[in-house]
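Summary of the model geometry
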Amino acid sequence: MNFGYYPGCSLSGTGREFDKSLKEVLKVLDVKLDEVKDWSCCGASSAHVTSHFLSVALPARNLILAKEQNLENVVAPCAACYNRLLGAQEEMNSNPILKEKVESAIEKKYTNHLNILNLVDLFNNIGLDKVKEKVKHPLKNINAACYYGCLLVRPSSLTKFDDAEQPEEMEKIITTLGGKAVEWNYKVECCGAAHSIAHTEIVKNLSKKILDDAIKNNADVIVVACPMCHSNLDMRQKNIVKENKDFKEIPVLYLTELMGLAFGIDEKKLGLDLHFIDAMKLSKKLEEAAV
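A brief report on the enclosed structure follows.

1. Let's talk about the side chain of E257
Within the element layout of this structure, E257 appears in helix α14 (residues 255-263). Comment: no salt bridge for buried E257; closest opposite-charge side chain is K20, at 8.4 Å. Contacts of E257, omitting those with residues within four sequence positions, involve E17, S21, L270, G271, L272 and H275.

Right under this line is the structure:
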């Protein structure tokens, strides 16, 4: 089974453990990724708030390159990239004037439809039965808080993926891996996203509310599918502890990292040693459950 692959900037840099764990998990599932050749930034962090034209032209270029490569199903694991690619596709299909301007700037023609998949879409396409077959270490004593954030399910008219307020597709994967998905209140609340640098205090406060609710509902780990969400929830905990001595740290893992643990893949191959908050203890928890 083959899928096109748009890694985006984060998976090639600060979120490289996402890229590593995805490829390790897909290797076990016998799925190959065909990376979009010469891909470029989709503008997810800033283009859409500075220039509407760039917010469409940047991701549209990648859509065009994917079609030139004869790819039909392209996975964009980063929720922000996924959202921007979908948005550009909608604009290019519905706004002929803008489409003409973008084609003129890129000097390439945009044609036809491309099926853009997010991370959860990918595993649903592979099949949860196949995922279940590869589980070596069921997550039977792991309580996971699935965090979707803003961009994986919104706007629902565009993503058409799960319920925008009470999504449950990620929880189905956790259950398939033998774990328990906890009920909690902040699974689609904003973590502050790209305000992480310019408005650190806002991001810290928003992230703390998410972390607090996951901990309150007895989660052992928060599971994400977005590098920006991971960065905010993982990195900001050290600052939160400095101001809140009673705060209990909680590991934040990409969905693919948790899947990799269930598949029995080595922690370092998954990138668990690259986190700010110790994620290695989760594998110890699994080992204890297996005894």
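2. A short note on the side chain of S21
Note on placement: S21 falls in helix α2 (residues 16-28). A distance of 3.1 Å separates the side chain of S21 from the backbone oxygen of F18, its partner in a polar contact. With sequence-adjacent residues up to four places away left out, S21 is seen in contact with T256, E257 and L270.

3. Structural notes on the packing of aromatic side chains
To describe a pair of aromatic rings, one takes the distance between the centres and the angle between the planes. Under the defined criterion, the tally for this structure stands at three aromatic pairs. Ring plane angle 10° and centroid distance 4.2 Å describe the contact between F18 and Y254, whose orientation is recorded as stacked. Of this pair, F18 sits in helix α2 while Y254 sits in strand β8 (residues 252-254); the two residues are 236 residues apart in sequence, bridging distant segments of the chain. Here F18 falls in the buried class, since its relative accessible area comes to 0%. Taking relative accessible area as the criterion, Y254 reaches 1% and is therefore assigned buried. Residues Y147 and W184 carry aromatic rings whose centres are separated by 6.3 Å and whose planes lie at 50° to one another, so their mutual orientation is tilted. Residue Y147 is found in the loop between β5 (143-146) and α9 (156-159), and its partner W184 is found in the loop between β6 (180-181) and α11 (200-216); the two are separated by 37 residues along the sequence. Relative accessible area serves as the criterion here: at 1%, Y147 is assigned to the buried category.

4. Brief notes about the layout of surface pockets
Of the voids in this model, the second largest pocket is the one considered here, and its volume is about 210 Å³. Together, 14 residues line the second largest pocket, and L86, Q89, L158, T159 and K160 are the ones closest to its centre. Looking at the lining of the second largest pocket residue by residue, the classes come out as six nonpolar, five polar and three charged.

5. What to know about the pattern of salt bridges
Under the counting rule described, the total for this entry stands at 13 salt bridges. Among the ionic pairs, K23 bridges to D19, the shortest N-O distance being 3.3 Å. Separated by four residues within a single helix, K23 and D19 lie in helix α2, roughly one turn from each other. Classification of K23 as partly exposed rests on a relative accessible area of 37%. Between E103 and K99 there is a salt bridge; the shortest N-O distance is 3.0 Å. Of the two residues, E103 and K99 are both situated in helix α6 (residues 96-106); the distance of four residues between them amounts to about one turn of the helix. According to the relative accessible area criterion, K99 is partly exposed, its value standing at 23%. Among the ionic contacts, a cluster of salt bridges with common partners joins K99, E103 and K109.

6. Section: the sheet that holds strand β2 (residues 32-35)
Taken together, the four strands give an open sheet; going across it, the order is β2-β1-β3-β4, and neighbouring strands pair in parallel fashion. The open sheet has two edge strands, β2 and β4 (115-117), and neither has a second partner. For this sheet, the mean inter-axis angle between neighbouring strands, taken without regard to orientation, is 40°. Here strand β3 (residues 73-75) pairs with β4 via three bridges, running parallel. If you follow N73 over to β4, its bridge partner there is N115. The sheet contacts of helix α7 (residues 119-126) involve β1 (2-5), β3 and β4, and relative to β4 the element is tilted by about 105°.

So, how was this worked out
- Residues numbered from 1 in each chain as written.
- Predicted model: local features only at pLDDT ≥ 70, side-chain atom pairs only at ≥ 80, totals over all residues.
- Heavy atoms only, no water.
- Helix = DSSP H or I, 4+ residues; strand = E, 2+ residues; numbered from the N terminus.
- Buried < 20%, exposed > 50% of the residue type's maximum accessible area, 1.4 Å probe, protein only.
- Lys, Arg positive; Asp, Glu negative; His and termini not counted.
- Salt bridge = Lys/Arg side-chain N within 4 Å of Asp/Glu carboxyl O.
- Contact = heavy atoms within 4.5 Å.
- Polar contact = N/O pair within 3.5 Å; in protein donor to acceptor, adjacent residues only side chain to side chain.
- Phe/Tyr/Trp six-rings, centres within 6.5 Å; stacked < 30°, edge-to-face > 60°.
- 1 Å grid on protein atoms, 1.4 Å probe; cavity = no way out; pocket = protein on both sides within 12 Å on 5 of 7 lines; lining within 4 Å.
- Points joined across faces, edges and corners; volume = space filled by probe spheres on them.
- Nonpolar A, V, L, I, M, F, W, Y, C, P; charged D, E, K, R; others polar.
- Pairing = 2+ DSSP bridges.
- Axes fitted to C-alpha atoms, helices over the stretch in contact; angles between N-to-C directions.

Function-wise, these values are silent; they only describe arrangement.
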